[in-house]
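Fold and geometry: a report
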Amino acid sequence: CAPITADVTDAAVLIERGASVSGQPCDATFYAKALKAQQAGADAVVIYNNVPGVFSPSVAGAEPITIPVVAVTAADGAALTAEAADDPRIVAITA
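Fair warning: this is a prediction, and the values are worked out from it, not measured in the lab.

**Quick word on the side chain of Gln-38**
Here Gln-38 lies in helix H1 (residues 30-39). A distance of 2.6 Å separates a polar atom in the side chain of Gln-38 from the backbone nitrogen of Thr-66. Residue contacts for Gln-38: discarding those within four places in its chain leaves Glu-63, Pro-64, Ile-65, Thr-66 and Ile-67.

Here it is as structure tokens:
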């Protein structure tokens, strides 16, 4: 739930579903995650599940989300996280 401090310009931001383990209260909604990425300049958001299975995130909110937001499985998220280490177009963050 921390602000995005990485340079995410021209990148897809990879974000895990759920709240961080910091113990601090935060807004961990899909909308809040997508909005933070959009405000930081990301081109897209990929939210990956934190448990097995599929899900359908909603990013409706007061300020429109105008970048693509997609959801993937936990397995696909793990693969993308590994790929992010070598691909500057993918930025894995904790949000």
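Text resumes after the structure shown.
**Here we look at the sheet that holds strand E2 (residues 44-48)**
Strands pair in a sheet through their backbones, by hydrogen bonds, and they do so in one of two ways: parallel or antiparallel. With parallel pairing, the 4 strands of this open sheet are ordered in space as E3-E2-E1-E4. Two strands close off the open sheet at either side, each with one partner strand: strand E3 (69-72) and strand E4 (90-93). Averaged over all adjacent pairs, the angle separating strand axes in this sheet is 25 degrees, with direction ignored. In this sheet, E2 lies alongside strand E1 (residues 12-16) in parallel orientation, the contact comprising 5 bridges.

**Topic: unusual backbone geometry**
Its identity as a non-glycine residue notwithstanding, Asp-10 has a phi of 60 degrees, on the positive side. Mapped onto the elements of the fold, Asp-10 is located in the segment before E1.

**Description of the packing of aromatic side chains**
To describe a pair of aromatic rings, one takes the distance between the centres and the angle between the planes. For the coordinates displayed, the defined rule picks out 1 aromatic pair. Their ring planes at 25 degrees and their centres at 5.5 Å tell us that Phe-30 and Phe-55 sit as a pair that is stacked. Separated by 25 residues along the polypeptide, Phe-30 in helix H1 and Phe-55 in the loop between E2 and E3 bring together distant segments of the chain. Phe-55 matches Phe-30 in its accessibility class, with the two residues each being buried.

**Focus on the environment of Asp-10**
Here Asp-10 falls in the exposed class, since its relative accessible area comes to 54%. A sequence separation of 31 residues divides Asp-10 from Gly-41, and the C-alpha atoms of the two residues are 7.2 Å apart. Discounting chain neighbours no more than four positions away, the residues touching Asp-10 are Gly-41, Asp-43 and Arg-89.

Conventions adopted
Residues numbered from 1 in each chain as written. Predicted model: local features only at pLDDT ≥ 70, side-chain atom pairs only at ≥ 80, totals over all residues. Heavy atoms only, no water. Helix = DSSP H or I, 4+ residues; strand = E, 2+ residues; numbered from the N terminus. Polar contact = N/O pair within 3.5 Å; in protein donor to acceptor, adjacent residues only side chain to side chain. Contact = heavy atoms within 4.5 Å. Pairing = 2+ DSSP bridges. Axes fitted to C-alpha atoms, helices over the stretch in contact; angles between N-to-C directions. Phe/Tyr/Trp six-rings, centres within 6.5 Å; stacked < 30°, edge-to-face > 60°. Buried < 20%, exposed > 50% of the residue type's maximum accessible area, 1.4 Å probe, protein only.

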